[in-house]
Amino acid sequence: MTIKEAIDIASKKLTQSVINPRKEAMLLLGFFLNKDSIFLHVNDTLQIDDVEGFFELVEKRANYTPLEYITKRVSFYSREFKIEEGVLIPRPETEILVEKTAEIIKQTNAKYIAEIGTGSGIISIMLAILCKDIKIVATDINEKALILAKKNAKLHKVDDRIEFLQTNLIDNIKKPQILVSNPPYISKNELLEKHVLNEPHNALFGGENGDELLKKISLIYKDNDEILSLICEMGYDQKNSMSDFFEKENIENYSFYKDLSGFDRGFIIKRRDFE
Ligand SMILES: C[S@@+](CC[C@H](N)C(=O)[O-])C[C@H]1O[C@@H](n2cnc3c(N)ncnc32)[C@H](O)[C@@H]1O
């Protein structure tokens, strides 16, 4: 079978499950043959040897396995990271959380940071790249995520400045100067697309309302004066419940930020004004 025929058949197989079947068919074939899209266009009459292997990947994608779990790589902050099934795929909006946190690290001159729920490690790794003299402790309850995060830290040569620990929240670790987290924040009753449901549920769902972990993390900040600032990503519909919670708990000096689509996406709490 030629490259062109394989792409035509794969596009048809993907029609029901993906938005852009032809583009994804080409991405999958490019990944399978280890060639770029220009090669596929120029050589579209070339015969493919192991065409069954390619259609196995197409079948997986047609069954809603996210593309990143098939290619085992993901782009974040213009860098490439390893990803695998069982670990949450980084989302572009989390780049804003990294930017906000890096800004606060620079303003406070903080040297010791902690991240709750590191997943593939992207937040801590980017912070270590952007802020050269910090040390980070990054936690997760998912062992598979921590193993992958360590590999990513090594890949980006910051493994000597990040300690990855399997623990609940920041139990049993020294309290940091800056605390950052993109915790699971989706309500257990929210309907999600099929390909999202193929991601680990303990990385997605934060509880009955979704904001339970965000509130627990905010209380860690409240109860530990040495934490100068807490920066968290949250759901687009959680601004009211979180601000009610901050008011009730007398947590002061909080603000919310939006993502690039204009949705509420996170909050920043500061012990005092740093600028
Ligand atoms: C939304 S994912 C974020 C992953 C990564 N930081 C990112 O932004 O792509 C949330 C992560 O928190 C972890 N997690 C869930 N409950 C936790 C807890 N109680 N303590 C520590 N980590 C937790 C999950 O395993 C998951 O890796």
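Since we're looking at a predicted model, the values are computed, not measured.

1. Some remarks on the overall build of the protein chain
Secondary structure summary: the protein chain contains twelve helices and eleven strands in total. Among the 275 residues that make up the protein chain, the fraction classed as buried is 36%.

2. Regarding the environment of Lys144
Mapped onto the fold, Lys144 is located in helix H8 (residues 143-155). Classification of Lys144 by C-beta neighbours within 10 Å gives partly exposed; the count is 14. In this structure, the C-alpha to C-alpha distance between Lys144 and Val87, residues 57 residues apart in sequence, is 7.1 Å. In this view, Lys144 contacts Gly86 and Val87; residues no more than four positions away in its chain are not counted.

3. Observations concerning the site of the ligand
Every one of the 22 residues lining the ligand counts as a neighbour, but Gly117, Gly119, Asn142, Asn182 and Ala203 are closest to it. Every element with two or more residues in the shell around the ligand is listed here: helix H7 (122-130), strand E4 (135-140) and helix H10 (201-204).

4. Side note on the pairing of strand E6 (residues 178-181)
A two-sided burial pattern is seen for E6, the buried positions comprising Ile178 and Val180 on one face and Leu179 and Ser181 on the other. Bridge count between strand E3 (residues 112-116) and E6: four bridges; the pairing is parallel. Paired with Ile116 across the bridge in E6 is Ser181. In this structure, E6 lies alongside strand E9 (residues 229-233), joined through four bridges in parallel fashion. For Ile178, the partnering residue across the bridge sits in E9 and is Ser229.

5. Side note on the environment of Glu5
Mapped onto the elements of the fold, Glu5 is located in helix H1 (residues 3-14). Between the C-alpha atom of Glu5 and that of His201, which follows or precedes it by 196 residues, the distance is 37 Å.

6. Some thoughts on the sheet that holds E3
Strand pairs in the sheet, formed through backbone hydrogen bonds, run parallel or antiparallel to each other. Overall, mixed pairing links the seven strands, which are arranged E5-E4-E3-E6-E9-E11-E10 in an open sheet. At either margin of the open sheet sits one strand with a lone partner, and together these are strand E5 (162-166) and strand E10 (254-258). On average, adjacent strands in this sheet sit at an angle of 15 degrees to one another, irrespective of strand direction. Across the face of the sheet, H7 comes into contact with E3, E4, E5 and E6 while running at roughly 175 degrees to E4. Docked against the sheet, H8 engages E4 and E5, running at close to 170 degrees with respect to E5.

7. A look at the nonpolar core
Ile105, Ile113, Leu127 and Ile136 are the most contacted members of the largest nonpolar core, which totals 53 residues. For this core, the element with the highest residue contribution is H7, accounting for six residues. Look past the residues within four positions of Ile113 in its chain and what remains in contact with it is Ile105, Leu127, Ile134, Ile136, Pro176, Gln177, Ile178 and Val180. By size, the runner-up hydrophobic cluster in this structure holds 13 residues, among which are Ala6, Ile7, Met26 and Val58.

8. Here's the deal with the pairing of E10
For E10 and strand E11 (residues 264-270), the ladder comprises five bridges, and the chain directions are antiparallel. Bridge pairing links Phe256 to Phe267 in E11. Counted along the chain from E10 to the antiparallel partner E11, the turn is five residues long, and its residue Gly262 has a positive phi close to 90 degrees.

9. Quick look at the domain arrangement of the protein chain
Here the protein chain is partitioned into domain 1 (3-63) and domain 2 (88-270). In this structure, domain 1 and domain 2 have C-alpha centres spaced 36 Å apart.

10. A closer look at the packing of H1 against helix H4 (residues 51-62)
Running from amino to carboxyl end, H1 crosses H4 at an angle of 20 degrees, the nearest separation of the two axes being 9 Å. Relative to H4, the element H1 lies roughly parallel. Once H1 is placed against H4, the crossing between them reads as right-handed. The residues of H4 that touch H1, namely those facing Ala6, Ala10, Lys13 and Leu14, are Val51, Phe54, Val58, Arg61 and Ala62. Partitioned by chemical class, the residues of the contact of H1 with H4 number seven nonpolar, no polar and two charged.

What counts, and at which threshold
- Residues numbered from 1 in each chain as written.
- Predicted model: local features only at pLDDT ≥ 70, side-chain atom pairs only at ≥ 80, totals over all residues.
- Helix = DSSP H or I, 4+ residues; strand = E, 2+ residues; numbered from the N terminus.
- Buried ≥ 20, exposed ≤ 12 C-beta atoms within 10 Å, placed from the backbone.
- Contact = placed C-beta atoms within 7 Å.
- Near = placed C-beta within 6 Å.
- Pairing = 2+ DSSP bridges.
- Axes fitted to C-alpha atoms, helices over the stretch in contact; angles between N-to-C directions.
- Core = buried A, V, L, I, M, F, W, Y, C linked by C-beta atoms within 7 Å.
- Domains from an automatic or database assignment.
- Parallel < 35°, antiparallel > 145°, perpendicular 65-115°, else oblique.
- Left-handed = near helix turned anticlockwise from the far one by under 90°.
- Nonpolar A, V, L, I, M, F, W, Y, C, P; charged D, E, K, R; others polar.

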